[in-house]
Amino acid sequence: MTWAVHTFPCVLAAAESMPGVQHATQGEGQGMLLITALMIAPPLIMIAIARRWKRRGKDMYIRRIPGIDAIEEAVGRTVEMGRPMMFTFGMAGIGPLFFACLGVLTHLSRMAARYTMRLFVPQRDVEVMAITQNAVRECYQEEGRPESYREDDVRFLSGEQFAFASGYMGICHREKVAACFLFGSFAAESLILAEAGQQVGAIQVAGTVDNAQIPFFITTCDYTIIGEEVFAAGAYLSRDPVQRGSLRGQDIAKLLLLIFILIGIFTVTFNPLDMTGGADWSPYRSDWAQWLLPPRG
Amino acid sequence: MRKRLIIAVTFLGGLYFIIEFLLPEHFPSGFGRDGAWRGILIGEYHEEILMGVQTVGMAAIGLGLINIFRVFGVNVLKQRKGWPFSLTLIAAMLAMMTLTFWLWFQDLDLQHEVGPLGVQREFQARILGAVGRAQPPDPQAAQRLQRTRDAALLRYLSDKRKAVSPPAVSTGEAAAQLSGLAGFLEGKGAAPPFFQVADGPENPPGFAAAQDLLALPKEAETGGTPPPGLNTPGADARLSQLARQRDELTGRLLKSSETLKAQGGIEVGPVVTEQAADCREVAPEFRKLAQEVRGLADAEYAVRAEPPDFALRYGQGPVAPPLPLYGRLYLAARALSHSATLLGKYANVLDQAAVEIPAAKDNEQVLSNWLEAKAQRTEALRQEWQQGAAGDLERAMPAVKAKLAGASTRPDSVRRRMSDDLQNAGTLGSAYSQVLVHLDKAGAVLASRAGTAMNPRAAAEAIARALAAIRNQEDALRLLAVRGLEQDLNYLDLAPEDAGKIVSAELSAQADAKEGAIGRPAEVLGNVAAAAKQVADELNARRQQMQAELDASVRGLRKTWREKTSAELRKLRDEEDARKREIGTLQTRAIVAAEAQKMAADAAARAAAVPEVDALAKLPAELAASKSEIAAVSAVAQARKTVAGGYLRLLQGAAKIAERFESKHDMKDLRPLTVARDGMRALSGAVQSDSLLHSAASDSRVAVQALGLQDLPAARKAMESSFQQIAQTQEGLKDALQERANRAAVKGLYKCLFDGLYVALGAAMFSLLAFYIASAAYRAFRVKSAEALLMMIAALLVMLGQIPFGAYLWSSFPQARLWVLQVFSTPAFRGIALGAAVAGLAMAMRMWLSLETSAFYREEEEGA
């Protein structure tokens, strides 16, 4: 224990001098390291708890997200109309966002296989395309309809932004799709994609973390899933304990973040912990504030 | 097994990148327990590892391309629906791939043409390295070293002069230093800090902080050697005279300080002002002294007898030289000037105190008087109330007795109620007595506070307690009536049961009369309570007002002091930083000087012991290698020269034809001719380069011969000339070939496809956005609900704030727009970004630790 007490500050001090840490925390010091650790810990803990619950047959509750409920509604409409549906990752490459959206795609693929509908997944990234093909094919197999899977439904359009957008528009209009799902990362082409769906009267559900594209989707799509709800979609649809636990952990991490923000506001406004006895009104004068956020320069 | 392998590779890959990101490329020296650990230098190989990983990743692109050809190729072959699109895609991809490969090969060709010349550079670097190693010691180096040392000394002294400016200090520090001065002058304790030089980093090593700078060094300080005197004539006497003056001035300050002490510290009154005046008078004297001492120091510096390598030896640790005399004088001057500044500041603080403390005392007196008056008034009210209540009771008593006498037969229920009332009387009686006690206490507290020390808070609290008791006045009044009745019963000497009968009969029959009896005391008590409340309110208000005034006064004082203090602290901090930087510079300089000395010694030793033979011994092997390289380069140059001569002749001919054609047809702007002229210019450059290459090869040959004769300077000169010519040749060749490549048809085709089709079509798609934004905006701004209305209003505000017409309509539209964006939009987007960042972090951790069980791993799980 004594060893740990003496070692921990040394490790912190050594870590703070590392260029990588300085880069990652923008030179803000140990406080930032602490906060990063606090953001990572709750999801991992809650994942462990959720897995244990799952083994005991309990399920972790997560809040309702209307946008994700709308996915089922859109699929129902598509079945009624007997027309295909479309899904795109936009410009997302291999990364956390892609895997989060892949959860939605697998759900849709399973439903498409179950109700014998076509699902177009146009691609603009070859690596993403390989994983997507695999995932969609598996879903058809799991539903016992491997013969319904068409290889060119997951098709490559173009790696270029607007060429991809024009290809997407073309498919939309030619196939008269009844539902469009835009999940992933988008840039200027977002409105082109969403307007194409709007023009053919498709019900559209969009989900993105790109702040600049959210207004376009809100004005053009029927439902928009904003920010981290995209990451929650997979958990919501799949009932996977890892994803559900992670989602609950994220909520705890955000709560912690909120508490930090409130403490920060309180400290800056009222300066209750000033250790200098009021010689200087700046909150930076107190020892703990300097420890958390060392003054620059 | 396969799944475990993937999980392990994922984890190790993630771990590698995290470690690589966190670990520095090079650890600072002294890291680790014995300072010898240099760390795990992953950074040295990171680029290679990264390229390997990327190459593996590129394989996925290859697989993807194959996939595309397979899928779309089948479409075309089987002529499925939409096959022309597939054909277009395949054709476009093939065309662009072909062109890109073609251009890539062209570039390779260019590199191949220019590349061999690089051999010469390596050769030249090796020769120059050998020549540099064997360089004999320069006879002028010692002089250069001497000049460097002199310059370093001058720079050091100039830096010291700059450092002598007085630092800013806080008033608290000034006071502390002045009291320290008083103690020192009395012979208690060490010298006050501002008569020393702070033992900070700017002091030369070996400088004792407590020594008297205006006295010449004693033998103990010089290590037993007789202390040197000042070199300027008459300076010794002047110095001791200055020291005496300083002592007189400090004596005067001591006297003033003693007076102040006798008055019991800082008090209101003339003493403070006198002290301030003293400080103010003494300060310029100190400053004069400082100027004189600095003059002495300058004079001394002009005739200094320091060793010239003083600055170089400075900062090398325990063997540092003693502080030179003029340096000592500079420091003394700084100390004096510093103390003058401090005294000025101290005087200001005293003046301020002399103004502010009496004002605070006046306020206290006013409050005290007022409290006393209020206490008297409260006491009077209390007495009046007691008398009034007693009189009212007396007046009411006969009526009550009469009614009691007449009331003997009343129902049992009334009797019970009456006996309950009697039961409660005890409790109410104690409450009533508490009211009186509290009023007494309040009065006493007010009286005592008003008479002695002021404590408005305690007085207000006492009054508040009294008020809290008075709040139950209704209960107290009821109690009053019942107690009066009880007394009456005692007086009549009735049994409790009979009394109950009488009382209950009376009370139920004559409720109005009872109220009438109670009315007067209630009114009086109400008046008293109102008066007491008023007094309390007034007291409270006054107290708050006084408190606010006091607070404002204290805040003002604190603010003034804080501003001063923080400004001074900031200055001190800046100064400290500057000093740290200076130390850094001096240390670096010392290290550089040490390195220079070491190198010089090294070179001298080498020159004396081993002549350049050592270096030359290694040369023959290099020469053999270089000769073959030079032969190769010369052959290339010769061939190129022949070709170039041919080109030149051809071009000259072409130019003549072109000129003739132009003069004949007057068609100077015709494109073919322009192209011909440009091409000729480019190829002329190439030919020129080739002649340069030729002479470069000759120079190389000269260099080799010179090396054979061990004439190193000549070899070096020839090599440098050769290198310059080769560099020019490379550039010229590269330009010429690039020009040729740019004019090739393939490049034209590539540009046509890229700029003419790809860019233009992309721009067309992008411009569609403008129309789509309009249609989306139309849909969004249809006011169908309250939210849509809000959105419409916000959008209107933002749009009007953005355009000049909005500002023309109302000048505050731009501010309103900013307000909407900053107050509503920015926090919302920040919230989204925070949530997404946390979710992304959690997702990344899940992927790294292979906790993610989405579609990617399912097959593996089932297979396992």
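Criteria and thresholds
- Residues numbered from 1 in each chain as written.
- Chains lettered and ligands numbered in written order.
- Predicted model: local features only at pLDDT ≥ 70, side-chain atom pairs only at ≥ 80, totals over all residues.
- Heavy atoms only, no water.
- Buried < 20%, exposed > 50% of the residue type's maximum accessible area, 1.4 Å probe, protein only.
- Helix = DSSP H or I, 4+ residues; strand = E, 2+ residues; numbered from the N terminus.
- Pairing = 2+ DSSP bridges.
- Right-handed = clockwise from strand over helix to strand, strands pointing away.
- Contact = heavy atoms within 4.5 Å.
- Buried area = accessible area lost by both parts, 1.4 Å probe.
- Salt bridge = Lys/Arg side-chain N within 4 Å of Asp/Glu carboxyl O.
- Polar contact = N/O pair within 3.5 Å; in protein donor to acceptor, adjacent residues only side chain to side chain.
- Nonpolar A, V, L, I, M, F, W, Y, C, P; charged D, E, K, R; others polar.
- Patch = residues over 30% accessible without salt bridge, like charges linked within 9 Å, V, L, I, M, F, W, Y side chains within 5 Å.
- Areas by Shrake-Rupley, 256 points an atom, 1.4 Å probe, with all protein chains shown as cover.
- Lys, Arg positive; Asp, Glu negative; His and termini not counted.
- Charge placed at Lys NZ, Arg CZ, Asp CG, Glu CD.
- 1 Å grid on protein atoms, 1.4 Å probe; cavity = no way out; pocket = protein on both sides within 12 Å on 5 of 7 lines; lining within 4 Å.
- Points joined across faces, edges and corners; volume = space filled by probe spheres on them.

Undergrad: Could you clarify how one ought to interpret the pairing of strand S3 (residues 179-185) of chain A in this entry?
TA: Here is the key point about a regular strand: its side chains alternate between the two faces of the sheet. All names here are of chain A. The buried fraction of S3 is high, at seven of seven residues. Of the pairings in the sheet, the one linking strand S1 (residues 85-90) to S3 comprises five bridges and is parallel in character. When the bridges of S3 are listed, Met85 appears paired with Ala179. Bridge count for S3 against strand S4 (residues 203-208) is six bridges, and the pairing is parallel. By the bridge assignment, Leu182 is partnered in S4 with Ala206. The β-α-β motif built from S3, the intervening helix H8 (residues 190-199) and the parallel element S4 has right-handed crossover chirality.

Undergrad: Looking at this structure, I do not really get the interface of chain B and chain A. What am I missing?
TA: Taken residue by residue, the interface counts 63 residues in chain B and 70 residues in chain A. Summed over both partners, the interface of chain B with chain A comes to about 5,500 Å²; 70% of that surface belongs to carbon and sulfur atoms. Between the two partners, chain B and chain A, sit two salt bridges. Here Glu151(A) makes a salt bridge to Arg70(B), at a shortest N to O gap of 3.4 Å. Where chain B packs against chain A, one counts four residue pairs in polar contact (both at pLDDT 80 or more). Of all the secondary-structure elements, those providing two or more residues to the side of chain B that touches chain A are helix H1 (2-22), helix H2 (43-77), helix H3 (83-114), helix H15 (511-609), helix H20 (745-780), helix H23 (813-848) and helix H24 (855-863) of chain B. Here the side of chain B that touches chain A takes 16 residues from H23(B), the largest share from any one element. Considered class by class, the residues forming the side of chain B that touches chain A number 40 nonpolar, 11 polar and 12 charged.

Undergrad: Teacher, can you tell me more about a positive patch on the surface here?
TA: On the surface, Arg51(A), Arg52(A), Arg55(A), Arg56(A) and Lys58(A) cluster together into a patch of positive charge. Along the chain, Arg56(A) turns up in the loop between helix H3 (30-55) and helix H4 (66-81).

Undergrad: Quick question: what am I supposed to make of the layout of surface pockets here?
TA: Over the atoms, a rolled probe matching the size of one water molecule traces out where space is still vacant. What the largest pocket holds in volume is close to 1,800 Å³. Every residue lining the largest pocket is counted, 48 residues in all, and those nearest its centre are Leu157(A), Ser158(A), Ala163(A), Leu89(B) and Ala92(B). If you list the elements that add at least two residues to the lining of the largest pocket, you get helix H7 (161-175) of chain A together with H2, H3 and H20 of chain B. A class-by-class count of the residues in the lining of the largest pocket yields 25 nonpolar, 10 polar and 13 charged.

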